[in-house]
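Working through the structure, step by step
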Amino acid sequence: MMSERGAGAAAAVAAVLYREARLLDEGRLEEWLALFTTDAHYRVPLRADADPARDPAIVQDDRAALEDRVRRLRSPVSYVQQPPSRTVHVVGNIEVEPEAAGDPGADGAMWRAHSTLVVYEARLGQTRSFAARCLHRLRVGAGPDGGLGIVEKRVLLLARDHALYHVTFLL
Amino acid sequence: MRADRVHRAVYTDGELFSLELERIFEDGWVFVAHESELPRPGDFRTTQLGRQPVIVCRHTDGQVRVLMNRCMHRGALVCREERGHGASFRCLYHGWTYGTDGSLRSVPFPGGYGEGFDPAALGLIPAPRVAVYRGFVFASLAADGPDLATHLGRARHYLDLILDAAPDGGVTVHPDCERYSYPGNWKLQIENLLDGYHPNFTHQIAFDIAEDRRGASGRRANREESGATARALGNGHGLLEYSGVNRGYRADDADSAAYRVRLQERFGAERAAAVLGADLQLFIFPNLFFQNARQHYRVVRPLAVDQTEVRAYPYALAGAPDAVNARHARDLGWWASAAAFGQPDDLEAFARCQEGLAVTAAPWVLFSRGLDRERPGPGGEVIGDVTDEVPQRGIYREWSRRMGVAAGAGGRT
């Protein structure tokens, strides 16, 4: 049985995913970035079993590259996002589990969240949709205000082996 | 007469596009695969020559075959996977089965065919010509024409410089590639791969970020008088030559030091220095591009007059440090994926070009930059400063020759 504290943490994990989606859709990119820990990774791999150390990926960002990505989205010379994409992130099928035994509500405890994601993007009169399965790994006490921080976000696109037109908004 | 401009129809006219597929992609030499994608007999991958589906496979004799992917019975693709391994190709429709040499091996219920039925005449049709240069497989649907070495011409000099960076036996392509597409004509991409004029504008934000993170970017190299050059190599091939301006192998770790020694042992000090210093963007007409500083090649595929797909393949250099090979594969997406910091801004430019080219009052696309300062180089090269449109003029000289149609107007007004 999950402890009461653990059950509370599980609900908090789901809340982070929903909040993340809303921050992206509202263009609050700096607040979105603050959800990620300083050792975070954000990945959009080309295959489910990709090795981040030696395989190419669509996105393979450490924290610094993630900051660069936000900087770029804010830049007036980022032509690829002029005009910017509007997005709706639909998060569903969330399953949450502690990553290891022990008190899952204790600071430093790790959680995993599996979810499905559908992103609608509208730009220049066209709407595109992107479906994905996501994995979030989160650490208790490492996020904003001592809450959950995202240590890893992995977006496994359904169309990961398709030749996509540029996808430079955040999934 | 030197063409310094191209008519907008070259990018927007559907009939010209069909003619391009016929006279360029379904006629002369086109890159189809690298041998390392097919290491064992029975390995295959599928691709296209122009509009036409082909199978590239390795037969039991060890030879790479290029076969038209079309059942000789009723026309279905006999190979429906992008890549794989198998002893034969079996049509899903009526079960006709072909060997990896294309031969028709079995036909279900053969008694239904009369005595004149000749399975030997019903093998998959091979591409009329297939040739391999250092592992790179090219095919041509034309029975006659210049051989591959003649087609590669001066480009071979630079291809060798790129491939000699593998002192222990060539390159191995990564099983995964980056892919992207854009709503624009295919030539917008090939012009861009040899365009040293645009990076400081299109890629300003990528250069800002690269300089802040790594202390270097392509900013200085892509300026007039940087010492870098843009070259037309003949036959439509082209080059941006940054050697001595950009980096090369600078890593100071023990593995990189051992790699440099290995190159010197293999090729001698002078050649090793040239290989290590080479920083090249090489385009081989009509569909293959190398950027050795990012250790990958790209393949451009026209889908429609206004729709193009590109794949970027990282490769490992045999004999180079494992960490270097892994890093190049891992980092390719920073520049060349659909979500990258670099290439997407180009794709946006291509899409906006395709839209702007609808303007009929301005029929000409200008490639006159550097016309007054281009100079002859070794092996028939034409050389300009890196921001000059020398390679683009070279592309369109070949385009006009192959198409039998003038791409533009000669001279200047």
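Before reading on, note that the structure itself is shown above.
Our subject in this report is the structure included herewith. (Residues numbered from 1 in each chain as written. Chains lettered and ligands numbered in written order. Predicted model: local features only at pLDDT ≥ 70, side-chain atom pairs only at ≥ 80, totals over all residues.)

Our next topic: the overall build of chain B. Of regular secondary structure, chain B possesses twelve helices and 22 strands. Against the compact-globule benchmark of 22 Å for 413 residues, chain B has a radius of gyration of 23 Å, which places it among compact chains. Oriented by its inertia axes, the alpha-carbon framework of chain B measures out at about 75 × 60 × 40 Å. Taking the intrachain contacts of chain B between residues at least 6 apart in sequence as the baseline, contacts between residues at least 24 apart amount to 63%. (Helix = DSSP H or I, 4+ residues; strand = E, 2+ residues; numbered from the N terminus. Rg over C-alpha atoms; globule rule 2.2 N^0.38 Å. Contact = placed C-beta atoms within 7 Å.)

It is worth spelling out the environment of G234 of chain B at this point. Residues and elements named next belong to chain B. Examined against the element boundaries, G234 turns out to sit in strand β14 (residues 229-234). Considering only alpha carbons, one finds G234 and R401, 167 residues apart in sequence, at a separation of 12 Å. Not counting the four nearest positions on each side in its chain, G234 is found in contact with G153, R154 and G380.

Moving on, we come to the sheet that holds strand β6 (residues 83-85) of chain B. All names here are of chain B. Judged by pairing direction, the sheet is antiparallel, and its four strands sit side by side in the order β5-β4-β3-β6 without closing on themselves. Each edge of the sheet is formed by a strand with only one pairing partner; in this case those strands are β5 (64-68) and β6. Within the sheet, the average angular offset between the axes of one strand and its neighbour, ignoring direction, is 30°. Here six bridges tie strand β3 (residues 43-49) to strand β4 (residues 52-58), and the two strands are oriented antiparallel to one another. Residue pairing in the sheet places R45 in a bridge with V56 of β4. (Pairing = 2+ DSSP bridges. Axes fitted to C-alpha atoms, helices over the stretch in contact; angles between N-to-C directions.)

Moving on, we get to the pairing of strand β4 (residues 110-123) of chain A. Residues and elements named next belong to chain A. Where strand β3 (residues 86-98) lies against β4, eleven bridges are found, and the strand directions are antiparallel. Its bridge partner being in β4, H89 is matched across the sheet by V119. One ladder, built from 14 bridges, connects β4 with strand β5 (residues 126-139); its direction is antiparallel. Bridge pairing links H114 to L135 in β5. If you look at the hairpin formed by β4 and β5, you'll find two residues sitting between the two strands, and L124 has a positive phi there, around 50°.

Our focus in this paragraph is the pairing of β5 of chain A. Note: β5 of chain A against strand β6 (residues 149-157) of chain A, eight bridges, orientation antiparallel. Note that in β6 of chain A the partner of R133 of chain A across the bridge is L156 of chain A.

Turning our attention to the nonpolar core. Membership of the largest hydrophobic core comes to 144 residues, with the highest contact counts inside it found for V13 of chain A together with V32, V54, V56, A139 and L282 of chain B. Looking at which element gives the most residues to this core, the answer is strand β19 (residues 307-317) of chain B, with six residues. Here this core gathers at least three residues from each of two domains, domain 1 (29-144) and domain 2 (154-247 + 277-403) of chain B. When near neighbours in sequence (up to four residues on either side) are disregarded, V54 of chain B contacts V32, T46, T47, Q48, L49, V66, L67, M68, N69, A127 and A139 of chain B. (Core = buried A, V, L, I, M, F, W, Y, C linked by C-beta atoms within 7 Å. Buried ≥ 20, exposed ≤ 12 C-beta atoms within 10 Å, placed from the backbone. Domains from an automatic or database assignment.)

This part takes up helix α10 (residues 322-336) of chain B. When the terminal C-alpha atoms of α10 of chain B are compared, their 21 Å separation across 15 residues agrees well with the 21 Å that a helix rising 1.5 Å per residue should span. In the structure, α10 of chain B departs most strongly from a straight axis at R330 of chain B, where the bend amounts to approximately 30°. Here α10 of chain B has its buried residues at N325, H328, A329, L332, G333, W334, W335 and A336 of chain B. Where α10 of chain B is buried, its residues meet β2 (57-62) of chain A together with β13 (178-182), β18 (296-304), β19 and α11 (343-356) of chain B. (Expected span 1.5 Å × (residues − 1). Bend = angle between axes of the 7 residues up to and from the residue.)

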